[in-house]
Protein chains: 4
Amino acid sequence: MYCFNNDYSEGAHPRILEAIKNASSDQHTGYSLDSHTEHAKALIKQAVHREDVDIHMLVGGTQTNMLVISAALRPHQAVIAAETGHINVHETGAVESTGHKVLTRQAADGKLTPALIQTTLDGHTDEHMVQPKMVYISNTTEIGTQYTLDELEALSRFCRQKGLYLFLDGARLGAALTSPVNDLTLADIARLVDVFYIGGTKNGALFGEALVIAHPGLKEDFRFMIKQKGAMLAKGFLLGIQFEELFQDDLFFQMAAYANQMAAILKEAFTDCGFPFFSDSATNQQFPILPNDLIAKLRESYQFQDQQAVDADHTAVRFVTSWATKEEAVRRFAQDLKRLA
Amino acid sequence: MYCFNNDYSEGAHPRILEAIKNASSDQHTGYSLDSHTEHAKALIKQAVHREDVDIHMLVGGTQTNMLVISAALRPHQAVIAAETGHINVHETGAVESTGHKVLTRQAADGKLTPALIQTTLDGHTDEHMVQPKMVYISNTTEIGTQYTLDELEALSRFCRQKGLYLFLDGARLGAALTSPVNDLTLADIARLVDVFYIGGTKNGALFGEALVIAHPGLKEDFRFMIKQKGAMLAKGFLLGIQFEELFQDDLFFQMAAYANQMAAILKEAFTDCGFPFFSDSATNQQFPILPNDLIAKLRESYQFQDQQAVDADHTAVRFVTSWATKEEAVRRFAQDLKRLA
Amino acid sequence: MYCFNNDYSEGAHPRILEAIKNASSDQHTGYSLDSHTEHAKALIKQAVHREDVDIHMLVGGTQTNMLVISAALRPHQAVIAAETGHINVHETGAVESTGHKVLTRQAADGKLTPALIQTTLDGHTDEHMVQPKMVYISNTTEIGTQYTLDELEALSRFCRQKGLYLFLDGARLGAALTSPVNDLTLADIARLVDVFYIGGTKNGALFGEALVIAHPGLKEDFRFMIKQKGAMLAKGFLLGIQFEELFQDDLFFQMAAYANQMAAILKEAFTDCGFPFFSDSATNQQFPILPNDLIAKLRESYQFQDQQAVDADHTAVRFVTSWATKEEAVRRFAQDLKRLA
Amino acid sequence: MYCFNNDYSEGAHPRILEAIKNASSDQHTGYSLDSHTEHAKALIKQAVHREDVDIHMLVGGTQTNMLVISAALRPHQAVIAAETGHINVHETGAVESTGHKVLTRQAADGKLTPALIQTTLDGHTDEHMVQPKMVYISNTTEIGTQYTLDELEALSRFCRQKGLYLFLDGARLGAALTSPVNDLTLADIARLVDVFYIGGTKNGALFGEALVIAHPGLKEDFRFMIKQKGAMLAKGFLLGIQFEELFQDDLFFQMAAYANQMAAILKEAFTDCGFPFFSDSATNQQFPILPNDLIAKLRESYQFQDQQAVDADHTAVRFVTSWATKEEAVRRFAQDLKRLA
């Protein structure tokens, strides 16, 4: 049985484990005030081409989303997201638990646009309604799609005009930035959005998201917020060591590119068999629409998740690859698919 | 420079790192639904002599405190703690951030008693005041003291009579249970309190607290709460692997006992020099009261924290040892102390 | 200029003002523990044909909605509402401010059905999503429609099967119960829903909503919740006096029936002129779709609100009548409409 | 039986009832956007000698406290109060329910000083603790004492130096400003504090507190907060009408002065009988310490509350007078006291 359920099934890249082991017997300052974290921050500042950002390293994505949103908004303010947005669907109301409404818009490809956001602004005009103040996007999106430079520039321009913070969830940012259709850089993102994070959990770290705060208004007292939400890791140096390893050369990008390549093999196999896709993804998540009987046969040897029923006989399913996905497993799957389809 | 600041300065016991490495390339189910976690839970159930408890593994202490308290209380209910309690002082209002008041009582030795709790109940009699519903204690306490079996039985009886949940923060439970003056077992605790946790972060794990829920009323839907507070680790198997290692033999207790032994050497040295203590601790935290000029000299070679000024010339300071504390460093410190004092 | 903006433009029915004046110099127990409130509760219990309900009198609707929902739900639970539901649109995120998500369903006529609710249940299956636990409906709805006995019985049966609390917002319950198409009684409602309220603010009181809690699980400690949310009126006897007056004879129903009659005159006028309606209302809110140039002319003499643009030249507008609406104003409006249309 | 329980036992001053009646059949704009409210705000601006303040009229004190504090603070920030402060003791954790810790200091006379506040600042130095950001005081305090001009100037200076908002709860501000020992004016208060309110509920209105926001940083979007917390009265004009009446001449001050005079008669009677006082109050709350057997005898004819047991045989009790207290009742009480003592 091989598992294509997600990109966090395995532990971590051997280099990361080795780095943790090597530093394990040293004494480190707690709570992310150690020298490894300092170094990792410097590396990330280089990578995003900005010295004036604040960087915080956190354990997980839901935690980071909740923290950023609750730190940025006053009590009556709301965040706008695509209906498929992770904060709307898969975080058990974490944002609402901090007091804020998530205003959603349907977006077929999981991506927000200025026009979609404007319709929400149009409907929120006085004090009887929440006040939209932040826009949440993810890249890649929850359905594997990604923003182009043009799209992100348009969003950035719009949000700045309207006084909205723009927040990019980068849990799978590596996959986006190394996809064959990508035209964005980390520096573009750091220039265009107010706050974003670089996901380690889904790209070869044991855990960890590096939050980059560019907007000065979002920086103040952020460590208080981290501590209050139970998100300040005592041994914060573990995060620093991992991001040091990810960014001291291009390990972060190598792993993501590899995951995308493995997914491309799957995509080609589905395409060759004539199966359509639920979304147009060039990244490490693929959403083919398959006949239910084929799905049942494939599940004798492979794990993968249902995304959504399409009709009585077909279901969109999700295949995810990672830095750890074995190429031989992918090749074998492609053969099995062609045999069974 | 040797650091006695805390018990989370180093990484993890080599056996724990090895176990993580060995399992790193396997594919695991996410979100703590994996087989290592299952096994670790079974081991902990054996250790606490109860099969009917629910166990959840979480990353850190503040997170765990916030989760337990906010999951247990209705909006108008409050938790009672010693004024020195971690939730009152050092969690940046995490409990209040979930909507609940912390009612505090001064307790010279950091320990609550039925009599102290009763005074709080006496002052909260109608709907114009919050309703006390949970009692929070820690063992060891924040100042290194610990509960005896008699004391815990009295608290347990009292809380059950009054309809109060009894919650024990065990961030340093290992130190308490292996102290020379301890007469409690894990099984006693699991029998006497409604919910508690076994701290890994401060006892040789990379991170991790094993929460044990004994009261049926506190079990329902707890995983929803974990996810909502951003506390559900994607690679939850990392927690399972660590607690497997801690409890498959007595590694958990060995490490804690060692930390206590190292602290006993420090304690003896302070005592030999005639210094009094801020609290009576037989565990891995020692709080000697030292002259300020001696403190300054010691700090040329050792790191340790101020606890509290005692008078113009003396300060209570905190020395913490751990599984990783080097005996030679402790011996050297004892010599330096005798030389400088 | 005559105002059809809403049903809370005027003060209160003269009998209510008189009753307050008559009791003003008496000394009353505070916080709704007075004898007038006691009497009003007894009258309402008679009116709903249940002695076993708990009754609380509150100042306003948003306050009442927020209180009921936040008192009923655990932190991870959510309330289901129609997209047009007042709690979703016009309460500035009051429900979310207490930590709970509002899950919405589109319902053309503003009414929820078991089928609509089931689709929400189908999409919320595990701990990565909020847990639906309450259904919020309003009668009349925000667009003037109302539930039939059959519909409410179906909802009630469904919610009980699924373990969902059913909550009816009755800010305009008087209008619903006295409409010509109504087949529900107060007793039916008290039998079929778990908690509801009888709106006074929009039906001739200075202010006041009488909350009726039927489900035993929702009763406990409710006064703590009232106080905590700043909703406990010091001079609570003012609420008791008003509801005494509303329910000691049928003043409550008389006023609502009168408001509906005034609305029926408007409805007839719009119908006679051939204008369609945005919703099918037999109650005190009417939503005709009018040409924009006619709207402009009418606004020279009458105030009323826009509901929603229908096309470039037509807008659905809202006319509201009340116990205080002057029949001569309604008649004059009907003439003006026919003249201008 | 005559009741000295509190200052909100009766309805409202006849002039206020008359004003409401006179305006009852007019049509008013909802939600405090009416002309009466506009006029009342203008009158209050005159009374406080500032045109640049924002004024909002709210229904009750707990509501106002919760609103001001939750609107002013970011999630990690806390408010400092005397241990006897209303927000700490008698609001069922309303402040905590919005996520904020109340940091308390013991103050024998119920009044905070710069020195007391400084001790709290000294103990809150980093991100592991909440960040003090607001100081809450009340005038009169909960035990009838009051601030002098010198004291308020010192507090104001201190808070501005430290970047703390200074908030004055004026639920009984009328009593303070008309007391014989007062040397403060409304204009002083508006100059020295950042936000305060003028209590109507306890001074002759049916209900109502006029919130005055002087600090620009506290003004933005306050109406959103009011609506979100369920505090926006649909018939807000009722608040405007009442404050118009209170401030169009000196009715507000007349009523408060009368209440103080009635209390002075009680105070003289207790003093004449040689009874000591729990606090030194020149206002409408008196706290004599009486023998328990005398208390029992007095309670055959009078209602009043226990404040606190002093020893086995004596209790501090609370007598409250108001605009509505009958002088003959006060005189009769004085005679009864002398007879029974």
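The shown structure was predicted, so the numbers you read here are calculated from the model rather than taken from an experiment. Numbering of residues starts from 1 in every chain and runs along the sequence as written. For this description, chains carry letters from A and ligands carry numbers from 1, given in the order in which they are written. Local features in a predicted model are, by the rule used here, given only for residues with pLDDT of at least 70; side-chain atom pairs are given and counted only at 80 or more, and totals for whole chains, interfaces and linings are based on all residues. The basis for the side-chain values is all heavy atoms of the structure; hydrogens and waters are excluded.

### Description of the pairing of strand E3 (residues 77-82) of chain C
Residues and elements named next belong to chain C. Formally: Residue exposure (1.4 Å probe, protein chains only): buried if accessible area is under 20% of the type maximum, exposed if over 50%, otherwise partly exposed. Per the convention used, a helix needs a DSSP run of H or I reaching at least four residues, while a strand needs a run of E reaching at least two, with both numbered from the N terminus. Here, any two strands with at least 2 DSSP bridges between them count as paired.
Summarising burial for E3: six of the six residues are buried, a large majority. The two faces of E3 match: Gln77, Val79 and Ala81 on one face and Ala78, Ile80 and Ala82 on the other face are all buried. Pairing analysis gives four bridges linking E3 to strand E5 (residues 131-138), with the strands arranged parallel. Paired with Gln77 across the two strands is Gln131, which belongs to E5. Pairing geometry for E3 and strand E4 (residues 102-105), over four bridges, is parallel. Each residue of the ladder has a partner; that of Ile80, found in E4, is Leu103.

### Points about helix H14 (residues 327-340) of chain D
Residues and elements named next belong to chain D. Condition: In this analysis, the expected span of each helix is defined as 1.5 Å times one less than the number of residues it contains. Picture the helix axis, draw a direction to every C-beta atom, and the arc is the one those directions span. In what follows, a contact means two residues having at least one pair of non-hydrogen atoms within 4.5 Å.
A rise of 1.5 Å per residue sets the reference length of H14, with its 14 residues, at 20 Å; its end C-alpha atoms lie 20 Å apart and thus fit the reference within 8%. All buried positions along H14 are accounted for by Ala329, Val330, Phe333, Ala334, Asp336 and Leu337. On an axial view of H14, the arc spanned by its buried residues comes to 165°, and they lie on one face. Looking at H14, the residues exposed on the side facing more than 90 degrees away from the buried face are Glu328, Gln335 and Arg339. Of the surrounding elements, those touching the buried residues of H14 are strand E1 (2-3), helix H12 (251-272), helix H13 (292-298), strand E11 (302-303) and strand E13 (314-320).

### Thoughts on the packing of aromatic side chains
Our working definition: Stacked, tilted and edge-to-face are the three classes assigned to paired rings of Phe, Tyr and Trp, where Trp is represented by its six-membered ring and a pair needs centres within 6.5 Å; plane angles under 30 degrees give stacked, over 60 edge-to-face, the rest tilted. Comment: the charge-over-ring label is applied if NZ (Lys) or CZ (Arg) is within 6 Å of the ring centre and within 35 degrees of the ring normal.
For the structure on display, the rule yields 70 aromatic pairs over all chains. Ring geometry for Tyr8 of chain A versus Tyr31 of chain B: centroids 5.5 Å apart, planes at 70°, classification edge-to-face. Placement of Tyr8 of chain A in the loop between strand E1 (2-3) and helix H1 (14-23) and of Tyr31 of chain B in the loop between helix H1 (14-23) and helix H2 (35-48) is noted, with the two residues assigned to different chains. Considered together, Tyr8 of chain A and Tyr31 of chain B belong to a single accessibility category, that of buried residues. Grouped by ring-pair contacts, the aromatic residues Tyr2, Phe4, Phe270, Phe277, Tyr302, Phe304, Phe319 and Phe333 of chain A constitute a single cluster. Positioned above the aromatic ring of Phe304 of chain A, the side-chain terminus of Arg299 of chain A is 4.5 Å from the ring centre.

### Describing the nonpolar core
Operational definition: We define a nonpolar core as any set of buried Ala, Val, Leu, Ile, Met, Phe, Trp, Tyr and Cys residues linked to one another through side-chain atoms lying within 4.5 Å.
Ranked by internal contacts, the top residues of the largest apolar core, which has 127 residues, are Phe196 of chain C together with Phe196 of chain D. Look past the residues within four positions of Phe196 of chain C in its chain and what remains in contact with it is Val48, Phe167, Leu168, Leu173, Leu186, Ile189, Ala190, Ala210, Leu211 and Val212 of chain C. Ile44 and Leu155 of chain A together with Ala82 and Ile137 of chain B belong to the second largest nonpolar core, which has 126 residues in total.

### Thoughts on the relation of the copies chain A and chain B
To be explicit about the condition: When the copies are superposed, the least-squares fit draws on C-alpha atoms of residues that have pLDDT of at least 70 in both.
Mapping chain A onto chain B calls for a screw motion: a turn of 180° about the axis and a shift of 0.0 Å along it, with 0.0 Å RMSD after fitting. Expressed as an axis order, the relation between the two copies is that of a two-fold axis.

### Focus: the sheet that holds strand E4 (residues 102-105) of chain D
Residue and element names in this part refer to chain D. The test is simple: To get an axis, fit a line to the C-alpha atoms, keeping to the stretch in contact for a helix; angles then go from 0 to 180 degrees between the N-to-C directions.
Strand order in this open sheet of seven strands is E2-E8-E7-E6-E5-E3-E4, and the pairing throughout is mixed. Looking at the sheet topology across the chains shown, the edges are occupied by strand E2 (54-58) and E4. Neighbour-to-neighbour, the strand axes of the sheet open up by a mean angle of 25°, direction not taken into account. Sheet contacts for helix H2 (residues 35-48): E2, strand E7 (195-199) and strand E8 (209-213); angle to E2, the most-contacted strand, approximately 120°. Contacts from helix H11 (residues 237-248) reach E2, E7 and E8, with the element oriented near 110° to E2.

### Details of the interface of chain A and chain D
Going by this rule: Buried area: the accessible area, evaluated with a 1.4 Å probe, that two parts lose upon being put together, summed over both parts. Every case where a carboxyl oxygen of Asp or Glu lies within 4 Å of a side-chain nitrogen of Lys or Arg is listed as a salt bridge. Identification of polar contacts relies on pairs of N or O atoms within 3.5 Å, with a donor-acceptor requirement for protein atoms, meaning one able to donate a hydrogen and the other able to accept it, and with residues adjacent in sequence counted only if both atoms are side-chain atoms. Three classes are used: nonpolar for Ala, Val, Leu, Ile, Met, Phe, Trp, Tyr, Cys and Pro, charged for Asp, Glu, Lys and Arg, and polar for all others, with Gly counted as polar.
On the chain D side, the residues contacting the 22 residues of chain A number 22 residues. Across the interface of chain A and chain D, roughly 2000 Å² is buried in total on both sides, 52% from carbon and sulfur atoms. Linking Glu127 of chain A and Arg223 of chain D is a salt bridge whose minimum nitrogen-to-oxygen distance equals 2.5 Å. Linking chain A with chain D are 12 residue pairs in polar contact (both at pLDDT 80 or more), by the criterion used here. Ranked by residue count, the leading element in the side of chain A that touches chain D is helix H10 (residues 222-228) of chain A, at five residues. Along the lines of polarity and charge, the residues of the side of chain A that touches chain D split into eight nonpolar, seven polar and seven charged.

### Let's talk about the confidence of the model for chain A
Short version of the rule: The quantity known as pLDDT measures the predictor's confidence residue by residue, on a range of 0 to 100.
Overall, the predicted model of chain A reaches an average pLDDT of 97, with 100% of residues at or above 70. Both scores are given for the predicted complex: the pTM is 0.97, the ipTM 0.97.

### What to know about unusual backbone geometry
Residues and elements named next belong to chain A. In the segment running from Asn139 into Thr140, the intervening peptide bond is cis, with an omega of 0°. Look at His49: it is not a glycine, yet its phi comes out positive at around 60°. Among the secondary structure elements, His49 is positioned in the loop between helix H2 (35-48) and strand E2 (54-58). Look at His49 and you get exposed, because its relative accessible area is 63%. Here Thr92, not a glycine, exhibits a phi torsion of approximately 50°, which is positive. Within the secondary structure, Thr92 is located in the loop between helix H4 (86-89) and helix H5 (94-97). Here Thr92 falls in the buried class, since its relative accessible area comes to 1%.

### Examining the pairing of E5 of chain C
Residues and elements named next belong to chain C. Formally: Classification remark: right-handed applies to a crossover when, strands pointing away from the viewer, the course from the first strand over the helix to the second runs clockwise.
In terms of burial, E5 is largely enclosed, as seven of its eight residues are buried. As paired elements, E5 and strand E6 (residues 165-169) share five bridges and run parallel to each other. Looking across to E6, one finds that Val135 is bridged to Leu166. Following the chain from E5 across helix H7 (residues 149-162) to the adjacent parallel E6, one finds a crossover that is right-handed.

### Let's talk about the sheet that holds strand E5 (residues 131-138) of chain A
Residues and elements named next belong to chain A. The strand order across the open sheet formed by seven strands is E2-E8-E7-E6-E5-E3-E4, and the pairing between neighbours is mixed. The open sheet has two edge strands, E2 and strand E4 (102-105), and neither has a second partner. The mean inter-strand angle of the sheet, taken between neighbouring strand axes irrespective of direction, is 25°. Here five bridges tie E2 to strand E8 (residues 209-213), and the two strands are oriented antiparallel to one another. Residue pairing for E8: Leu58 is matched across the bridge by Glu209. The sheet strands contacting helix H3 (residues 61-72) are E2, strand E3 (77-82), E5, strand E6 (165-169), strand E7 (195-199) and E8, and the helix crosses E6 at an angle near 175°.

### Side note on the interface of chain A and chain B
Listed per partner, the contact involves 41 residues of chain A and 40 residues of chain B. Carbon and sulfur atoms make up 54% of the area that chain A and chain B hide from each other, which totals about 3600 Å². The largest contributions to the chain A side of the interface with chain B come from Tyr8, Gln27 and Lys235 of chain A, which together make up 19% of the buried area. Applying the counting rule to chain A against chain B returns 26 residue pairs in polar contact (both at pLDDT 80 or more). Listing elements by their share of the side of chain A that touches chain B, those giving two or more residues are E1, H1, H3, H5, H10 and helix H11 (237-248) of chain A. Taken together, the residues of the side of chain A that touches chain B break down into 18 nonpolar, 15 polar and eight charged.

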